[in-house]
Amino acid sequence: MNRFNFRRKLPAAILVGLAVMVGVASKAAAAEVEAFAGGPLGVGRIRFAVTGDAPAIPLEDERFTVESADGRVLYPVIAEQPARRLLRRLLEIESPRSVTMYFLILGEEPFDLNAFSPTLQTVRVTPRSDPQGHRALLAQWWREYGNRWKSLRQDPKFPPIAENFLAANMSRRLALPLPEPSTGLFAALAPKKSVWDELLNTEAHQLALDQALLAPAKPQAAEPQPLPPPMPWYDLAPDRDFTGVAVEPIAAHVPAEAFYLRFGNFANYLWFRNLSRKWQGDLGNMIQRRGVERASTKRIERQLSLQESVLAQFLGPQVIEDVAIIGLDPYLNDGAAIGILFHAKNSQVLSQDLLRQRREALTKFPDAAETTVRIAERDVSLIATPGGEVRSYSIADGDFHLVTTSKRLAQRFILAGQGQQPLSTSAGFLGVRKRLSVERTDAVFAYVSPEFVRELTSPAIWIESQRRVRSAREGKLLTLAQLQATAEAHPASTREELIVAKILPAGFGGRGDSSEIVESEDAFNDTIRGKPGLFVPVSEVEVSSVTSEEAAAYRDFGNRFRQEVGQTPPIAIAVSRVPLAEGLPTWRSFSETPEPEQDENSRVSERLAHMAGESLSIDVVATPLNDVKLGKLPDSLGEPSDRRLAPVAGDMIHAEFVLDSPLPLGPADEPHHLFLGVRDFRSPLVVERGRLAPGAPPAELIRMYVGTWPKPGGLLKFFIGEPTAQGPEPVQGLADTWQAREDDFLLISFKPDVVEQVLPQLQMTPAAEPAQLWIDVADLTGSELSRTVNALGYMRAREASVAACRLMNTLANQLHVPRELCRETAERMMDGRFVCPLGGEYELADVEGGAPMWTSTAITPPNRFLLTAPPEDFELPLLTWFRGLRAEARLGDDEIAAHLEIDMAESAVP
């Protein structure tokens, strides 16, 4: 008999019924299998026991699969059984367990099926001829396969490249509809696709494009159409008063439609470049290690051929006055129009050094050549390779020198220097320079102009950006189609052969611009744009005519952009560095009560003076806000307040909002503050059956409080009803909360002692600047909360590590890619190199009794297929350097402004 562990006694009849529903048996039953032959593919189903004593989650474990030695088993999928999972957890039944898998079959002859659960079980399968049974079982396979595809699209556990291709392709080939998107609460909470996905060509947009490319071809009008008209944009008022607004000289040589990243001097440029290199070219690695290294920074450096020597780093400050990175588009991974602009102190020395660096490419790349091209009536030096690995234009305009990947950017640099729409005269740029003076000692000044977005959303640029992402995706889909043809024993390999075999839809690869993709030795190249990742910049491909489908798509995009975004304001970000000396422990914001003899400013200054590392002071400004769509934000926020809550001792995280409540709170000009604080605590989260789960009631999960001022209740009445507290003594409220009130404060927490500690400290104090949002995060070093953050970070890092493994294993299980080639194939699909976020190396590991699987050496064998508690030596990158944060933000009538200060340890900076 099975052993059942119960939390409480249940009636015997209910137990019997539940046991039958979850398939309880006295011992592991033999595998049950049925299969039907039919066209174009047969279909089968097998139910078998989960072997082994270790916990397992088959739906998330690539060890669970089926195959045959002769490759006749295709596209296996595990059936989801949510009801059984729920009942099994209720009854705490660990074994026996069973898994049901569906699969397709090549041919009609009997074969041996290898089922891994996760150890090998072999079953003889004899397909039967039964058209009705084939249709019914095929429908069940498609339901489960579609559900898996839909689940991965809505909440990707790993890049669903293979599943997305197979689901879309099999939907067309078998004339079966893809499942509709989920509805209800969870669908409402899921991230929505926006126009920014299309504009920036995000992964979500690429997956949606794959589906469109694999759908049956739609008839197109034979005659090309002219470009549709651009969407309307406003011009910033040129008559605003900019008297006395100074700008840096380098801005007079930057096109107004270029993004602008200015460093002020060569030392700041080296700091930024070395900071980027320290974190592998992706500053996101400072928070959480990424699983894919795109290497776009290295690719651009190679294209520009700027690899300064150690001597140049020392001579740079004497030779270079100012440095800026400028560009005409954000497509850094695909082949961007980008360049580095120098303001020289000594033009002759700088010219010689730039020429030396660029000419090193002639030695490094045998097919590189140097030519002189004519641009805007000027001779420009070009060093380039036929494949685009090197594409370096160099031109000087007085003391200003530009090295760029783009002919168009070189042209605009020349014209801007002649006074044709330079950044220095742009109303938007002058407006933000009026707010963020050039006299500031900023290490980085970033500016994105409305003109930049206007160019990206223009008909020619937007349509060409969609053509190039379509071209890149077609190359990926051709590779996947070739793998599918091999798996299904089709001899087809070329695009034409794959279309004839119906593995690709008719018309696949057809373009309205006469370009096509051709297969080279290591990739598919575009006959107009070049090699994926090294495409000709989007602004340099002429778009003289479009198809009716492209014209309609642009009109739809324009309508949605005006509805979702409206216009984009000028946006500037200024970052300055404040060095922090070694000495006393780091300052923890809100962690101590100010000494009465010290004001807040002197107390902060004293602690900052003794911190090791540096603090980044960041100012963000977006102005003016003409026709900018901000959703419900303006209606939700109250007027900026010149008062805020005073520091509360013991808070690790504190946030405060000024809101416009729909409830009558008093005088119309009286702000309504909603605030919350998180105290230090040890998380009760535990790992159960491979999942992070609460180890205590909800009230124990977090030690925090929430409150309102000046009217007790306020917005909280919507969530907790009328407050029950009448005085400073905590009383119980709804949902296991405790409440208290004093003066104009209402305080709520799950813990009465938190209410008792915090309530006496609540008082309002003048704010340094009027604002509607304040956030303070203390130094988490050595705190109990850091353990929770570290555990959550490990969970995300392990998910990213396992995601790469699951993608590699999926290619083997779904498309029969030889397992030793799965990493190479997957990295080619992802346009990058897999890097284990846990610091391990990916390897093809043997599985006892099962098929070899890709995994990471950082995950110990007993835990390779389940989430486990973090090892003792794991530390989230964020926790190695983060020492505190202070932020405030304000939304005015015509401006968004924010100020942040981030304290960093020495380990974060180069």
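### Let's talk about the nonpolar core
Right, so step 1: The biggest cluster of nonpolar side chains holds 134 residues, and the ones touching the most others in it are Tyr 75, Leu 104, Trp 141, Phe 561, Leu 815 and Trp 881.
Right, so step 2: Among the elements that take part in this core, helix α22 (residues 784–815) stands out by supplying twelve residues, more than any other.
Right, so step 3: With near-sequence residues (within four places) excluded, Leu 104 lies in contact with Leu 41, Gly 42, Val 43, Arg 72, Val 73, Leu 74, Tyr 75, Leu 138, Trp 141 and Met 170.
Right, so step 4: In this structure, Tyr 260, Leu 341, Ile 395 and Ile 414 belong to the second largest nonpolar core, which totals 31 residues.

### Focus: the pattern of salt bridges
When the charged atoms of two side chains with opposite charge come close together, those side chains can pair.
Right, so step 1: Enumeration according to the criterion identifies 49 salt bridges in this entry.
Right, so step 2: Note that Arg 47 is salt-bridged to Glu 32, the shortest N-O span being 3.8 Å. Taken together, the residues Arg 47 in strand β2 (residues 42–49) and Glu 32 in strand β1 (residues 32–37) connect sequence positions 15 residues apart.
Right, so step 3: Here Arg 467 ties to Asp 513 by a salt bridge, and the two come within 3.9 Å at their closest N and O atoms. A residue pair is termed long-range when its members are at least 10 positions apart, and Arg 467 in helix α15 (residues 459–487) and Asp 513 in the loop between α16 (495–500) and β18 (517–519) qualify at 46 residues. Pair check on accessibility: Arg 467 and Asp 513 agree, each one buried.

### Observations concerning the packing of aromatic side chains
Right, so step 1: Applying the stated criterion across every chain yields a total of 22 aromatic pairs.
Right, so step 2: Between Trp 141 and Tyr 145, the aromatic rings sit 5.2 Å apart at their centres with planes inclined by 35 degrees, giving tilted as the arrangement. Highlighted residues: Trp 141 and Tyr 145, both in helix α3 (residues 131–154), separated by four residues, approximately one helical turn. Neither residue differs from the other here; Trp 141 and Tyr 145 are each classed as buried.

### As for the state of the cysteines
Right, so step 1: Evaluation of the coordinates by the stated rule reveals zero disulfides.
Right, so step 2: With no disulfide of its own, Cys 836 lies 7.3 Å from the sulfur of Cys 805, the closest cysteine sulfur.
Right, so step 3: With relative accessibility at 7%, the residue Cys 836 sits in the buried group.

### So, the side chain of Arg 823
Right, so step 1: By the element assignment, Arg 823 lies in helix α23 (residues 822–830).
Right, so step 2: Leaving out residues up to four positions away in the same chain, Arg 823 has contacts with Met 808, Phe 834, Tyr 842 and Trp 854.

### With respect to helix α13 (residues 427–435)
Right, so step 1: Burial runs high along α13: seven of the nine residues are buried.
Right, so step 2: Every buried residue belonging to α13 is among Ala 427, Gly 428, Phe 429, Leu 430, Gly 431, Val 432 and Arg 433, and all of these are buried.
Right, so step 3: Buried residues belonging to α13 abut β9 (259–262), β17 (444–448) and β20 (571–580).

### Details of the pairing of strand β7 (residues 120–125)
Right, so step 1: Of the two faces of β7, the one lined by Gln 121, Val 123 and Val 125 is fully buried and the one lined by Leu 120, Thr 122 and Arg 124 carries no buried residue.
Right, so step 2: When strand β6 (residues 111–116) meets β7, the two strands line up antiparallel, connected through six bridges. Pairing of Phe 116 across the sheet is with Leu 120, part of β7.
Right, so step 3: Hairpin remark: β6 followed by β7, antiparallel, with three residues in the connecting loop.

### Digging into the side chain of Glu 163
Right, so step 1: Tracing the chain through its elements places Glu 163 in helix α4 (residues 161–174).
Right, so step 2: Since its relative accessible area comes to 1%, Glu 163 is described here as buried.
Right, so step 3: Beyond its immediate chain neighbours, meaning those up to four positions away, Glu 163 contacts Tyr 145, Arg 148, Trp 149, Leu 152, Phe 158 and Thr 810.

### Observations concerning the sheet that holds β6
Right, so step 1: Taken in spatial order, the three strands of this open sheet run β3-β6-β7, and their pairing is antiparallel. Among the strands making up the open sheet, the edge pair consists of β3 (65–67) and β7. With strand direction ignored, the average angle separating the axes of adjacent strands in the sheet is 25 degrees.
Right, so step 2: The pairing of β3 with β6 spans three bridges and is antiparallel.

### Section: a negative patch on the surface
Right, so step 1: Taken together, the side chains of Asp 635, Glu 639, Asp 660, Asp 893 and Asp 894 define an acidic patch exposed on the protein surface.
Right, so step 2: As for its position among the elements, Asp 660 is in the loop between β23 (651–659) and β24 (672–679).

### Section: unusual backbone geometry
Right, so step 1: Of the consecutive residues Thr 623 and Pro 624, the connecting peptide bond is found in the cis state with omega at -5 degrees.
Right, so step 2: With respect to the helices and strands, the residue Pro 624 is situated in the loop between β21 (613–622) and α19 (633–636).
Right, so step 3: In this chain, Trp 709 is followed by Pro 710 through a cis amide linkage whose omega measures 10 degrees.
Right, so step 4: Residue Ser 514 is not a glycine yet carries a positive backbone phi of 70 degrees.
Right, so step 5: Considering the arrangement of structural elements, one finds Ser 514 in the loop between α16 and β18.
Right, so step 6: What makes Ser 514 exposed here is its relative accessible area of 68%.
Right, so step 7: With a phi close to 60 degrees, Asp 627 is a non-glycine residue in the positive phi region.
Right, so step 8: Tracing the backbone shows Asp 627 in the loop between β21 and α19.
Right, so step 9: Judged by relative accessible area, Asp 627 falls into the partly exposed class, the value being 46%.

What counts, and at which threshold
The numbering scheme is per chain: residues are counted from 1 as the chain's sequence reads. Under the rules for a predicted model, residues below a pLDDT of 70 receive no local features and side-chain atom pairs below 80 are neither given nor counted, while totals for whole chains, interfaces and linings still include all residues. Note that the side-chain values use all heavy atoms of the structure and ignore hydrogens as well as water. Nonpolar cores were defined as sets of buried Ala, Val, Leu, Ile, Met, Phe, Trp, Tyr and Cys residues, with membership established by side-chain atoms within 4.5 Å. Categorising residues by exposure relies on relative accessible area from a 1.4 Å probe, with only protein chains included: less than 20% of the type maximum marks a residue as buried, more than 50% marks it as exposed, and the intermediate range marks it as partly exposed. Only DSSP runs of H or I covering at least 4 residues are called helices, and only runs of E covering at least 2 are called strands; the numbering of each starts at the N terminus. By definition, residues are in contact when any of their heavy atoms lie within 4.5 Å. In what follows, salt bridge is the name for a side-chain nitrogen of Lys or Arg lying within 4 Å of a carboxyl oxygen of Asp or Glu. Two rings from Phe, Tyr or Trp (for Trp, the six-membered ring) form a pair when their centres are within 6.5 Å of each other. A pair whose planes differ by under 30 degrees is stacked, one over 60 is edge-to-face, and the rest are tilted. For this text, the term disulfide refers to a pair of cysteine sulfurs within 2.5 Å. For two strands to pair, DSSP has to find at least two bridges joining them. Interaxial angle, 0 to 180 degrees, is taken between N-to-C directions of lines fitted to C-alpha atoms, where a helix line uses only the stretch in contact. Patch membership is restricted to residues that have no salt bridge and whose relative accessible area is over 30%. Joining uses 9 Å for like charges and 5 Å for the nonpolar side chains Val, Leu, Ile, Met, Phe, Trp and Tyr. For accessible areas, the Shrake-Rupley method is used with a probe of radius 1.4 Å. Any residue's cover is judged against the shown protein chains and nothing else. Here the positive residues are Lys and Arg and the negative ones are Asp and Glu; neither His nor the chain ends is included. The location of each charge is read from NZ of Lys, CZ of Arg, CG of Asp or CD of Glu.

By themselves, these figures tell us nothing about what the structure is for.
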